[in-house]
Amino acid sequence: EGIPADSLTLADKWILTKYQEAVRDITQNLENFDLGYAATRIYDFAWSSFCDWYIEIAKQSLYSEDAASKKTAQEVLYHVLTGILKLLHPYMPFITEEVYGYLPGVDGMLISAAWPEADPALDFPAEAAAMEGIMEIVRTVRNMRAEMNVAPGRRARLLLRPHEGWHDALSTAEGYFTRLAFASALAILEADSPNPEKSASAVTGACELFLPLGDLVDVEK
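Rules and cut-offs
Residues numbered from 1 in each chain as written. Predicted model: local features only at pLDDT ≥ 70, side-chain atom pairs only at ≥ 80, totals over all residues. Heavy atoms only, no water. Buried < 20%, exposed > 50% of the residue type's maximum accessible area, 1.4 Å probe, protein only. Helix = DSSP H or I, 4+ residues; strand = E, 2+ residues; numbered from the N terminus. Pairing = 2+ DSSP bridges. Expected span 1.5 Å × (residues − 1). Contact = heavy atoms within 4.5 Å. Patch = residues over 30% accessible without salt bridge, like charges linked within 9 Å, V, L, I, M, F, W, Y side chains within 5 Å. Areas by Shrake-Rupley, 256 points an atom, 1.4 Å probe, with all protein chains shown as cover. Salt bridge = Lys/Arg side-chain N within 4 Å of Asp/Glu carboxyl O. Axes fitted to C-alpha atoms, helices over the stretch in contact; angles between N-to-C directions. Parallel < 35°, antiparallel > 145°, perpendicular 65-115°, else oblique. Nonpolar A, V, L, I, M, F, W, Y, C, P; charged D, E, K, R; others polar. Arc of directions from axis to C-beta.

### What about the pairing of strand β4 (residues 207–212)?
So, point 1. With five of its six residues buried, β4 lies for the most part within the structure.
So, point 2. Alignment of strand β1 (residues 156–162) against β4, held across four bridges, turns out to be antiparallel. Considered in β4, the bridge of Arg-161 is made with Glu-208.

### Quick word on helix α5 (residues 125–147)
In an α-helix, one full turn covers 3.6 residues, which means residues spaced three or four apart are oriented alike.
So, point 1. Compared with the 33 Å implied by 1.5 Å per residue over 23 residues, the 33 Å span of α5 between its first and last C-alpha is a close match.
So, point 2. If you check which residues of α5 are buried, you get Ala-128, Ala-130, Met-131, Gly-133, Ile-134, Met-135, Ile-137, Val-138, Thr-140, Val-141, Met-144 and Arg-145.
So, point 3. Positive phi appears at Asn-149, one or two residues downstream of α5, with a value of about 55°.

### Examining the side chain of His-89
So, point 1. Residue placement: His-89 occurs in the loop between α3 (67–88) and α4 (93–100).
So, point 2. His-89 has contacts with Thr-96, Glu-97, Leu-110 and Ile-111, leaving out every residue within four places of it along the chain.

### Things to note about a nonpolar patch on the surface
So, point 1. Together, Phe-33, Leu-35, Tyr-91, Met-92, Ile-95 and Val-99 make up a nonpolar patch on the protein surface, roughly 580 Å² of accessible area in all.
So, point 2. Structurally, the position occupied by Val-99 is in helix α4.

### Details of the sheet that holds β4
So, point 1. In space, the four strands of this open sheet follow the order β2-β1-β4-β3, with mixed pairing throughout. The outermost strands of the open sheet, each flanked by one partner alone, are β2 (183–188) and β3 (199–203). Averaged over all adjacent pairs, the angle separating strand axes in this sheet is 20°, with direction ignored.
So, point 2. Here α5 sits on the sheet and contacts β1, β3 and β4; the angle it forms with β4, its principal contact strand, is near 35°.

### Some points on the packing of helix α1 (residues 10–31) against helix α2 (residues 35–62)
The packing of two helices is summarised by the inter-axis angle and the distance between the axes.
So, point 1. Look at α1 against α2: their axes get within 9 Å of each other, and the N-to-C directions meet at 170°. The orientation of α1 relative to α2 falls into the category roughly antiparallel. When α1 is examined against α2, the residues Ala-11, Asp-12, Trp-14, Ile-15, Lys-18, Tyr-19, Glu-21, Ala-22, Asp-25, Ile-26, Asn-29 and Leu-30 are found in contact with a partner set consisting of Leu-35, Tyr-37, Ala-38, Arg-41, Ile-42, Phe-45, Ser-49, Phe-50, Trp-53, Tyr-54 and Ile-57.
So, point 2. For the contact of α1 with α2, the class distribution of residues is 16 nonpolar, two polar and five charged.

### A look at the environment of Met-109
So, point 1. Mapped onto the elements, Met-109 comes out in the loop between α4 and α5.
So, point 2. Linking Met-109 and Ala-68, residues 41 residues apart in sequence, is a C-alpha distance of 30 Å.
So, point 3. In contact with Met-109, not counting residues within four places along its chain, are Glu-97 and Tyr-100.

### Topic: α4
So, point 1. Residues Thr-96, Glu-97 and Tyr-100 constitute the buried set of α4. The arc enclosing the buried residues of α4, seen along the axis, measures out at 100°, which places them on a common side. In α4, the exposed positions that point more than 90 degrees away from the buried face belong to Phe-94 and Ile-95.

Given below as structure tokens:
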């Protein structure tokens, strides 16, 4: 039925922006016969941005009781998946044609479908940059947990001291951190507050972050 622009989440706007960028890059490189780069670009977008990140994030909306939130996630998933199949079709015609036939609402065959075109109305550069900052924090927390051999199911508080301009974006991102970074709670620290004691820490482009060691490991051990 189309993407409801007034109910998009930060992650929705991020994947739509990344999709627009992919369409522009891949189209330009195919027109320039730079087929290897175009193939790498569609692979990276489909595998890393869509499958590795967005599908995982979208589960929060898909499994929620909020019908509008679920519908929005479904529309964004449908829009981007359909576009991915079209971008992949020159490289994988038979597989993409088969998958395309199972999608609801498609008209005709994929081989005769229109090539994707970027839509400026679905470009959200500021929101995409904010989501990239949140994703960097998630990756950093995951790396810290891996270095300390923290059990996957063990959750820890996440304390953030935002850099200038990042306070609003991070203070509303608790849902992303609880689902993707195994945070039990999120706390935003003031700029002049002291560093939490007995905490592992790191710095990202958006903030300083702290994980209380008592939540992660046996401190005495």
